[in-house]
Number of protein chains: 2
Amino acid sequence: MALEVFHKDETLQMRRKLIGQSCRLFFSRDPVKIVRARGQYLYDENGMQYLDCISNVQHVGHCHPSLTQAAAAQMDLLNSNTRFLHDNIVLYADRLAATLPKKLCVFYFVNSGSEANDLALRLARQYTRHHDVVVLDHAYHGHLISLIDISPYKFRKLEGQKEWVHVAPLPDTYHGIYREDHPDPGQAYADTVKSLIDEAHKKGCKISSFFAESLPSVGGQIIFPTGYCKRVAEYVREAGGVYVADEIQTGFGRVGSHFWAFQLQGEDFCPDIVTMGKPIGNGHPIACVATTEEIAAAFTANGVEYFNTFGGNPVSCAIGLAVLDVIEKEDLRGNAVRVGGHLKQLLLQLQTKHPLIGDVRGVGLFIGMELVKDRASRKPATEEAAHLVRRLKEERIVMSTDGPWDSVIKFKPPMCFSIEDAERVCTCIDQILRGLSETLNVILPNRRSHLHTSQLLQPCCFYNHPLANYFHLKFQRKFILNKDRKSSRKRNGCDTDVM
Amino acid sequence: MALEVFHKDETLQMRRKLIGQSCRLFFSRDPVKIVRARGQYLYDENGMQYLDCISNVQHVGHCHPSLTQAAAAQMDLLNSNTRFLHDNIVLYADRLAATLPKKLCVFYFVNSGSEANDLALRLARQYTRHHDVVVLDHAYHGHLISLIDISPYKFRKLEGQKEWVHVAPLPDTYHGIYREDHPDPGQAYADTVKSLIDEAHKKGCKISSFFAESLPSVGGQIIFPTGYCKRVAEYVREAGGVYVADEIQTGFGRVGSHFWAFQLQGEDFCPDIVTMGKPIGNGHPIACVATTEEIAAAFTANGVEYFNTFGGNPVSCAIGLAVLDVIEKEDLRGNAVRVGGHLKQLLLQLQTKHPLIGDVRGVGLFIGMELVKDRASRKPATEEAAHLVRRLKEERIVMSTDGPWDSVIKFKPPMCFSIEDAERVCTCIDQILRGLSETLNVILPNRRSHLHTSQLLQPCCFYNHPLANYFHLKFQRKFILNKDRKSSRKRNGCDTDVM
């Protein structure tokens, strides 16, 4: 198979013509054309290798040969649908059940995380006979109409908030209303959910569900404070609702110590519905909803079939099974603990050197490094984060940002990421931040002052400075912000919701 | 790879425990376990061969080696997402564009027909700034929350009709308000849409779109009367809405003479949005939305990214391209014309022999044979259709029913279906219907009278009669109908929406 059919320019031209422009490219001003990949490495059309720090979908590594073999063998044998009996779907459900608390023992297979969350919403509503949903601020749960409604990250830019959606504060102890110095932020944030439910009840609303990623990703790689989920689940169940744990970005061992991120909250917490996606098939379109017998029974009781044409087909399940095998055989959870732990340590060391690094947080290979203008105000260093990502790309490291201000550098690499990879990326970050800091001290002795934009527009030697891109970006951003604040988060030509 | 891991009974037991029971099995009282397939043939765990008359998803035939090769080669090379540049997506969009009118030149790739229709609804609303939707009665457009709302086939059993949904009569010239003897049923049915729009306008509603399958499938394998779509499109556009052609079941050459079923309505009709699914990847989860530059531009203008994690990935596109290649290389459209034409002729011949066959309709390999109690009243022969399907299964032919009364025997086989297959299935149908007719004449000389149910319950030699199943079913149905009319359509343990 040819690695490349068209020259990169032609691919780009065709893409602009043929593919809806709402589908954005990474690094839109100079996108990357990737033609092959293996493990944690991507290769462009010239054979240049990139270290991949963000492809959480390619969970066990790009193009794992076991998966290709499993897919090809099953494709050669049978691909049908769930109306025929087949062993793969029951084998696979059984294997998934073994990773979950006993209570979560009924499965529905679908094709994407979005389809999983949409079905979870149907299950919750059918079981509770309630309609309203509580979600966390800045959350993203998928691209479908039903999910944009429960994703503040999206609906704030689109249709706005529906009356049946209730937005609770993100339990972010770095930026939020209760911070790391609070004696019990888990309880305090859970109480905000309780208040929201009480308010909803006063308006006559009935809560069907609380939806949350077990570690909010688009929200900025947030780690829930201890006890939060358990208390929220209690409040939601008291209101007759159910707890939906969106594990689409965080499941399948990414946190290392546990198979599911919700398990970080202790053995006495168990969601009522768990949705899975992204890493489940290592890139193959498969996703899943796990729930309790009671909820499944209520859904069956409506007497209407749920049929998903491709969901749970023998090929998808064969690939899903192969992913579980590789996670076990290659001890990828152990690797996430070891490499993730080491990476976090390295980033914490960098934090002692670089005032720009305000916070380092995460578990396993789900890590966020938040950049701030200064540590006292915690003002997000959005441009600096974008600059870092662009400079890392020049060093052939693919990285991205997240969080409400795109100020969080997010690590969600394939789970075969190595100690050497972690050291390489941290060395690069160190160099880039050192360069940034030195230059800022030369050009802007007072870091809080602003370079006058006219200086940037003058044709001077500044443009040859290594930081020209950074200032150009800063100027562009200022200009855009003045023009239209809403579009400012798009300056990279890419939202950061889904990698 | 082992063909079978568990004994069939154990598979069934595990399935009942682990998989949500809303996911139903064909022939729920004695489901079929299929372990391998090739072309138009399925094989059960004992190696018994079944002729597959309904798997329209496995469009170019089960387990086509070209597709397995294409998938494996690309899986070994790269599977990423649309934020990186790649040739496959533009190659594939370009190939699809060549099958469509020039106006439909912008593409979005997703994972399922449901995701495609959900996106189509977003596109229509964003472009028109209107909200309401006109749909056809009995229509099914997908399993997502947004699509149940526009699927009378589903919402009538669930949430009911939303105020923004307007249901137009199904232009069914066999059962509908205007029949084959009407001088211009296309115009007459289009006028019902016009009236509906006028009524909606009076209530202050604004129409975003008209959604229709280009050949309504769940509705009963309906062929639109000449001129219908063009006139409807005119009315809908006059109202500021767009025409969405759901080609999920009917596209990719199934009708033989054309690549898309909407093209049967003539060159002067072109939808504004076309959605594709099912056959597009021969079972691999891929789907697509094609639209105009203007609609795509309006969607881009909202400034919000559309990212679909798996949609349009290099593997999905490689498989999509391989499907297009096979359709061309093996002249499957030509085969659909030849075999479909022959099959229809054979069924029409059967109609002359069997009063039970009320109507035979269809194009290419999309054919419906409707059974009626008697031809004058056109009363649907639901039990007889179910009996025929069960008896065909005994003859190792997999068939299914569709239509509002499940009285339509539907043919949507893999496109490699042969003349011999068509003759085999028609010979079987002939024998079964002859047997049914002879037995009815012996047992029930007056076909309209009813056997008293007590006679069926008596332990007598009747139970050994070849029609025992039929009468047992008939009794069961009567019983269920009395108990709960709503659940009557589920007696086969399976809705008929999606095969």
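Chain A has the name 5-phosphohydroxy-L-lysine phospho-lyase-like in an unreviewed UniProt entry, where Sinocyclocheilus grahami is given as its organism. Of chain A, the UniProt comment under Sequence similarities (unreviewed entry) reads exactly: "Belongs to the class-III pyridoxal-phosphate-dependent aminotransferase family."

**Student:** Which parts of the structure should I look at to understand the overall build of chain A?
**Tutor:** In terms of helices and strands, chain A carries 15 helices and 15 strands. Counting every position in chain A, which comprises 499 residues, the buried fraction comes to 68%. Sequence separation of 24 or more characterises 72% of the internal contacts of chain A that already satisfy a separation of 6 or more. On chain A, roughly 17200 Å² of surface is accessible, and the fraction owed to carbon and sulfur atoms is 51%.

**Student:** Please clarify how the relation of the copies chain B and chain A should be interpreted in this entry.
**Tutor:** Once chain B is rotated about the relating axis by 180° and shifted along it by 0.0 Å, it coincides with chain A to within an RMSD of 0.0 Å. The operation mapping one copy onto its partner corresponds to a two-fold rotation axis.

**Student:** Help me out: how do you make sense of helix 10 (residues 314–329) of chain A in this one?
**Tutor:** Side chains three or four residues apart in an α-helix point the same way, a direct result of the helix having 3.6 residues per turn. Residues and elements named next belong to chain A. With 16 residues, helix 10 should cover 22 Å at 1.5 Å per step; its first-to-last C-alpha distance of 22 Å lies within 8% of that length. With 13 of 16 residues buried, helix 10 is to be regarded as a mostly interior element. For helix 10, the capping residue at the N-terminal end is asparagine 313, with a side-chain oxygen 2.9 Å from the backbone nitrogen of valine 315. Of the residues trailing helix 10, aspartate 331 is marked for its positive phi of about 45°.

**Student:** Would you mind going over the sheet that holds strand 15 (residues 408–411) of chain A with me for this structure?
**Tutor:** Hydrogen bonding along the main chain pairs the strands of a sheet, whether they run parallel or antiparallel. Residues and elements named next belong to chain A. The strand order across the open sheet built from 4 strands is 11-12-15-14, with neighbouring strands paired in antiparallel fashion. Because the sheet does not close on itself, it has two edges, and the strands there are strand 11 (357–363) and strand 14 (400–402). With direction set aside, neighbouring strand axes in the sheet form an average angle of 30°. Inspection of the sheet shows strand 11 paired to strand 12 (residues 366–371) by 6 bridges, in the antiparallel sense. Directly across from valine 360, in strand 12, lies its bridge partner methionine 369. In the packing of helix 11 (residues 332–353) onto the sheet, the strands contacted are strand 11, strand 12 and strand 15, and the crossing angle to strand 11 comes to about 170°.

**Student:** Sorry if this is basic, but what is going on with the nonpolar core here?
**Tutor:** Here is a general trend for soluble globular proteins: nonpolar side chains tend to be buried in one another's company. Grouped together as the largest cluster of nonpolar side chains are 288 residues, with contacts concentrated most on A:Phe107, A:Met276, B:Phe107 and B:Met276. With residues near it in sequence (within four places) discarded, A:Phe107 still touches A:Ala93, A:Leu96, A:Ala97, A:Leu100, A:Met276, A:Cys288, A:Val289, A:Ala290, B:Leu18, B:Ile19 and B:Gly20.

**Student:** Would you mind going over the confidence of the model for chain A with me for this structure?
**Tutor:** Interpretation of the predicted coordinates at a detailed level should be avoided for regions scoring low in pLDDT. Residue and element names in this part refer to chain A. Scored by pLDDT, chain A has a mean of 91; 88% of the residues are at 70 or more. Counting contacts from residues 447–464, a segment whose pLDDT is below 50, to residues more than four positions away or on other chains yields 28 contacts. Note on residues 479–499: pLDDT under 50 across the span, and 71 contacts to partners over four residues away in sequence or across chains.

**Student:** What is the right way to read the packing of aromatic side chains from this model?
**Tutor:** For any pair of aromatic rings, the description consists of the separation of the ring centres together with the inter-plane angle of the planes. Enumeration over the complete set of coordinates arrives at 30 aromatic pairs over all chains. Both rings, one in A:Tyr140 and one in A:Tyr153, keep their centres 5.7 Å apart while their planes meet at 80°; by these two values the pair is edge-to-face. Of this pair, A:Tyr140 sits in the loop between strand 5 (132–136) and helix 5 (145–148) while A:Tyr153 sits in helix 6 (residues 152–155); the two residues are 13 residues apart in sequence, bridging distant segments of the chain. Classification of A:Tyr140 as buried rests on a relative accessible area of 9%. A residue is classified by how much of its surface remains accessible, and A:Tyr153, at 6% relative accessible area, is buried. Ring geometry for B:Phe26 versus B:Phe27: centroids 6.0 Å apart, planes at 40°, classification tilted.

**Student:** Is there a simple way to explain the interface of chain B and chain A in this structure?
**Tutor:** Accessible area lost during the coming together of the parts is what is often quoted as the interface size. Counting residues at the interface gives 107 residues for chain B and 107 residues for chain A. Summing both sides of the interface, chain B and chain A together bury roughly 9600 Å²; the carbon and sulfur share of this comes to 63%. Where chain B packs against chain A, one counts 4 salt bridges. Ionic pairing is found between A:Lys33 and B:Asp87, a salt bridge with its closest N-O pair at 2.8 Å. Viewed at the interface, chain A and chain B are joined by 46 residue pairs in polar contact (both at pLDDT 80 or more). With 10 residues, the single largest contributor to the side of chain B that touches chain A is helix 2 (residues 65–77) of chain B. A per-class count over the side of chain B that touches chain A returns 57 nonpolar, 27 polar and 23 charged.

**Student:** Explain the pairing of strand 3 (residues 49–52) of chain B to me, please; I cannot follow it from the model alone.
**Tutor:** Each regular strand shows side chains that alternate between the opposite faces of the sheet. All names here are of chain B. As judged from the 3 bridges shared by strand 2 (residues 41–44) and strand 3, these two strands associate in the antiparallel manner. Bridge pairing in strand 3 links leucine 42 to tyrosine 50. Counted along the chain from strand 2 to the antiparallel partner strand 3, the turn is 4 residues long, and its residue glycine 47 has a positive phi close to 80°. The pairing of strand 3 with strand 13 (residues 397–398) spans 2 bridges and is parallel. Looking at the pairing, leucine 51 lines up with isoleucine 397 of strand 13.

**Student:** Help me understand helix 7 (residues 185–202) of chain A in this model?
**Tutor:** Residues and elements named next belong to chain A. In this model, helix 7 (18 residues) spans 26 Å end to end at C-alpha, consistent with the 26 Å of a helix rising 1.5 Å per residue. Buried within helix 7 we find Pro185, Gly186, Gln187, Ala188, Tyr189, Ala190, Thr192, Val193, Leu196, Ile197 and Ala200. Packed against the buried residues of helix 7 are strand 5, strand 6 (165–168), strand 7 (207–213) and helix 8 (228–238). Glycine 204 sits one or two positions beyond helix 7 and adopts a positive phi of about 85°.

**Student:** Would you take a moment to explain the side chain of A:Asp421 for this structure?
**Tutor:** All names here are of chain A. Residue placement: aspartate 421 occurs in helix 13 (residues 419–443). Polar contacts involving the side chain of aspartate 421 include one to the side chain of tyrosine 41, which spans 2.6 Å. Residue contacts for aspartate 421: discarding those within four places in its chain leaves Gln40, Tyr41 and Leu51.

**Student:** Help me understand the packing of helix 7 of chain A against helix 8 of chain A in this model?
**Tutor:** In a packed pair of helices, the relevant descriptors are the angle between the two axes and the axis-to-axis distance. Residues and elements named next belong to chain A. Where helix 7 meets helix 8, the axes come as close as 8 Å, and the angle between the chain directions of the two elements is 20°. One finds that helix 7 runs roughly parallel with respect to helix 8. The handedness of the crossing between helix 7 and helix 8 comes out as right-handed. Residues Gly186, Gln187, Tyr189, Ala190, Asp191, Val193, Lys194 and Ile197 of helix 7 form the contact with helix 8, whose participating residues are Tyr228, Arg231, Val232, Tyr235, Val236 and Glu238. Among the residues forming the contact of helix 7 with helix 8, the class breakdown is 8 nonpolar, 2 polar and 4 charged.

**Student:** Sorry, what's going on with the sheet that holds strand 3 (residues 49–52) of chain A here?
**Tutor:** Across the sheet, which stays open at both edges, the 4 strands sit in the order 1-2-3-13 (chain A) with mixed pairing between neighbours. Each having just a single partner strand, strand 1 (34–38) and strand 13 (397–398) of chain A make up the two edges of the open sheet.

**Student:** Looking at this model, I keep getting lost on the pattern of salt bridges. Mind explaining?
**Tutor:** Pairs may arise between side chains of opposite charge once their charged atoms sit close together. All names here are of chain A. Counted under the stated rule, the structure contains 52 salt bridges over all chains. Note that aspartate 198 and lysine 194 form a salt bridge whose closest N and O atoms lie 2.9 Å from each other. A residue pair is termed a helical-turn pair when its members lie 3 or 4 positions apart in one helix, as aspartate 198 and lysine 194 do in helix 7 at 4 residues. One salt bridge connects aspartate 268 with lysine 230, and the closest N-O pair in it is separated by 3.3 Å. Placement of the pair is aspartate 268 in the loop between strand 8 (242–246) and strand 9 (273–276) and lysine 230 in helix 8, with a sequence separation of 38 residues.

**Student:** Would you take a moment to explain the packing of helix 3 (residues 87–97) of chain A against helix 1 (residues 8–18) of chain B for this structure?
**Tutor:** Where helix 3 of chain A contacts helix 1 of chain B, the axes come no closer than 9 Å and their chain directions differ by 50°. As far as their axial angle goes, helix 1 of chain B and helix 3 of chain A are oblique. Relative to helix 1 of chain B, helix 3 of chain A is oriented so that their crossing is left-handed. Here A:Asp87, A:Val90, A:Ala93, A:Asp94 and A:Ala97 of helix 3 of chain A come into contact with helix 1 of chain B, specifically with B:Thr11, B:Met14, B:Arg15 and B:Leu18. Class assignment of the residues belonging to the contact of helix 3 of chain A with helix 1 of chain B gives a composition of 5 nonpolar, 1 polar and 3 charged.

**Student:** Any chance you could explain the side chain of B:Ser208 here in plain terms?
**Tutor:** All names here are of chain B. Position of serine 208 relative to the elements: it lies in strand 7 (residues 207–213). Owing to a relative accessible area of 0%, serine 208 belongs among the buried residues under this scheme. Once residues lying within four places of it in the same chain are set aside, the contact partners of serine 208 are Ala124, Arg125, Thr128, His130, His131, Asp132, Val133, Gly241 and Val242.

**Student:** So what exactly am I meant to see when it comes to the pairing of strand 8 (residues 242–246) of chain B here?
**Tutor:** Residue and element names in this part refer to chain B. The element strand 8 is largely enclosed, with a buried count of 5 among its 5 residues. By the alternation rule, side chains of strand 8 split into Val242, Val244 and Asp246 and Tyr243 and Ala245, which are all buried. Summarising the sheet, strand 7 and strand 8 pair through 5 bridges and their orientation is parallel. Paired with phenylalanine 210 across the bridge in strand 8 is tyrosine 243.

Conventions used here
Residues numbered from 1 in each chain as written. Chains lettered and ligands numbered in written order. Predicted model: local features only at pLDDT ≥ 70, side-chain atom pairs only at ≥ 80, totals over all residues. Heavy atoms only, no water. UniProt positions renumbered as here; feature names shortened; annotations may be inferred. Helix = DSSP H or I, 4+ residues; strand = E, 2+ residues; numbered from the N terminus. Buried < 20%, exposed > 50% of the residue type's maximum accessible area, 1.4 Å probe, protein only. Contact = heavy atoms within 4.5 Å. Areas by Shrake-Rupley, 256 points an atom, 1.4 Å probe, with all protein chains shown as cover. Least-squares fit on C-alpha atoms with pLDDT ≥ 70 in both. Expected span 1.5 Å × (residues − 1). Polar contact = N/O pair within 3.5 Å; in protein donor to acceptor, adjacent residues only side chain to side chain. Pairing = 2+ DSSP bridges. Axes fitted to C-alpha atoms, helices over the stretch in contact; angles between N-to-C directions. Core = buried A, V, L, I, M, F, W, Y, C linked by side-chain atoms within 4.5 Å. pLDDT = per-residue confidence, 0-100. Phe/Tyr/Trp six-rings, centres within 6.5 Å; stacked < 30°, edge-to-face > 60°. Buried area = accessible area lost by both parts, 1.4 Å probe. Salt bridge = Lys/Arg side-chain N within 4 Å of Asp/Glu carboxyl O. Nonpolar A, V, L, I, M, F, W, Y, C, P; charged D, E, K, R; others polar. Parallel < 35°, antiparallel > 145°, perpendicular 65-115°, else oblique. Left-handed = near helix turned anticlockwise from the far one by under 90°.

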